[in-house]
Amino acid sequence: TLDVDAEGRPLLGAMLARLGLLPKEDLLRALDRQEREGGRIGTCLVEMGLVSETVLLAALGAQLGVPTVDGSTLEGVAGPEIPRLPERAARLLRAVPFARSPKGLLVAMESPRSIS
């Protein structure tokens, strides 16, 4: 089906429309803008005021099957209790550690797909 990406995950816009969070007409407008101007569909949706950043973040997390954190969670994250990533790894992955867990270090990444 055309509503999934190469890995079989639902496409973001189609998922938002199916959940009733985005009217199909608005999705088509955003897809048209994306085709004309480039960029990511999520960015287009937010810039056009069609979805909030909060809705986009939740949808992206659901699409990728990963938990999400917002900027307020990452504010002020520092200190000796949070180990640092090597700078090269942090820059390459565009990642920042923000907490410890029993299983290890929790890291926020701009794009979790970048490690696959």
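On a predicted model such as this, the values are computed, not experimentally measured, just so you know. Numbers given to residues run from 1 along each chain, matching the order in which its sequence is written. Side-chain atom pairs in this predicted model are given and counted only at pLDDT of 80 or more, local residue features only at pLDDT of at least 70, and totals for whole chains, interfaces and linings cover all residues. Hydrogens and water are ignored here; the side-chain numbers use all heavy atoms of the structure.

The subject of this paragraph is the overall build of the protein. Secondary structure elements follow DSSP: runs of H or I no shorter than four residues count as helices, runs of E no shorter than two count as strands, and numbering proceeds from the N terminus. Across its full length, the protein carries 6 helices and 2 strands. In the protein, the order of α-helices and β-strands from amino to carboxyl end is α-α-α-α-α-α-β-β. Each of the 116 residues in the protein was classed as buried or not, and the buried ones make up 24%. Every residue pair with non-hydrogen atoms within 4.5 Å of one another is taken to be in contact. By sequence separation, contacts in the protein at least 24 residues apart represent 30% of the contacts at least 6 residues apart. For the protein, the exposed surface amounts to about 8200 Å²; the carbon and sulfur share of it is 55%. The classification of residues rests on relative accessible area computed with a 1.4 Å probe and restricted to protein chains. Under 20% of the type maximum is buried, over 50% is exposed, and intermediate values are partly exposed. All accessible areas in this document rest on Shrake-Rupley with a 1.4 Å probe, and a residue is counted as covered only by the protein chains that are shown.

Moving on to the nonpolar core. Nonpolar side chains in soluble globular proteins tend to be buried together. Core analysis: the biggest nonpolar cluster contains 12 residues, these being Leu12, Met15, Leu16, Leu22, Leu27, Ala30, Ile41, Leu45, Leu50, Val51, Leu56 and Ala59. For this core, the element with the most residues is helix 1 (residues 12–18), which contributes 3 residues. In this view, Ala30 contacts Ile41, Cys44, Leu45, Met48 and Leu50; residues no more than four positions away in its chain are not counted. To form a nonpolar core, buried Ala, Val, Leu, Ile, Met, Phe, Trp, Tyr and Cys residues must be joined to one another through side-chain atoms within 4.5 Å.

A separate point is the environment of Leu106. Tracing the backbone shows Leu106 in strand 2 (residues 104–109). Beyond its immediate sequence surroundings of up to four residues, Leu106 is in contact with Val96, Pro97, Phe98, Ala99 and Ser101.

This paragraph deals with the layout of surface pockets. A pocket here means an open set of points on a 1 Å grid, computed over the protein atoms alone, that has protein on both sides within 12 Å along at least five of seven lines. A cavity is instead a set of points where a 1.4 Å probe fits but cannot get out; residues with an atom within 4 Å of a point line either one. Grid points are joined across faces, edges and corners, and a volume is the space filled by probe spheres set on the points. Estimates place the volume of the largest pocket at around 1400 Å³. Taken together, 43 residues line the largest pocket, and the ones lying closest to its centre are Leu57, Leu60, Gly61, Leu64 and Glu110. Of all the secondary-structure elements, those providing two or more residues to the lining of the largest pocket are helix 1, helix 2 (24–37), helix 3 (41–47), helix 4 (53–64), helix 5 (71–74) and strand 2. Top element by residues in the lining of the largest pocket is helix 4. It accounts for 8 residues.

With that settled, consider the pattern of salt bridges. Opposite charge on two side chains lets them pair, provided their charged atoms get close. When a carboxyl oxygen of Asp or Glu lies within 4 Å of a side-chain nitrogen of Lys or Arg, that pair is called a salt bridge. Here the structure, examined in full by the defined rule, presents 6 salt bridges. For Asp32, the salt bridge is made with Arg36, and the minimal N-O distance between the two is 2.4 Å. Placement of both Asp32 and Arg36 in helix 2 is noted, with a separation of 4 residues, approximately one turn of the helix. A residue is classified by how much of its surface remains accessible, and Asp32, at 40% relative accessible area, is partly exposed. On the basis of relative accessibility, which here comes to 55%, the residue Arg36 falls in the exposed class.

Each helix should span, by expectation, one fewer than its residue count multiplied by 1.5 Å. A rise of 1.5 Å per residue sets the reference length of helix 2, with its 14 residues, at 20 Å; its end C-alpha atoms lie 20 Å apart and thus fit the reference within 8%. Asp26, Leu27, Ala30 and Arg33 are the residues of helix 2 that are buried. Mapping the buried residues of helix 2 onto a view down its axis gives an arc of 125 degrees, with all of them on the same face. Turned more than 90 degrees off the buried face of helix 2, the exposed positions are Lys24, Glu25, Glu35 and Arg36. Residues of helix 2 that are buried in the fold lie against helix 1 and helix 3. Of the residues one or two after helix 2, Gly38 is the one with positive phi, at around 80 degrees. The directions from the helix axis to the C-beta atoms form the arc being described.

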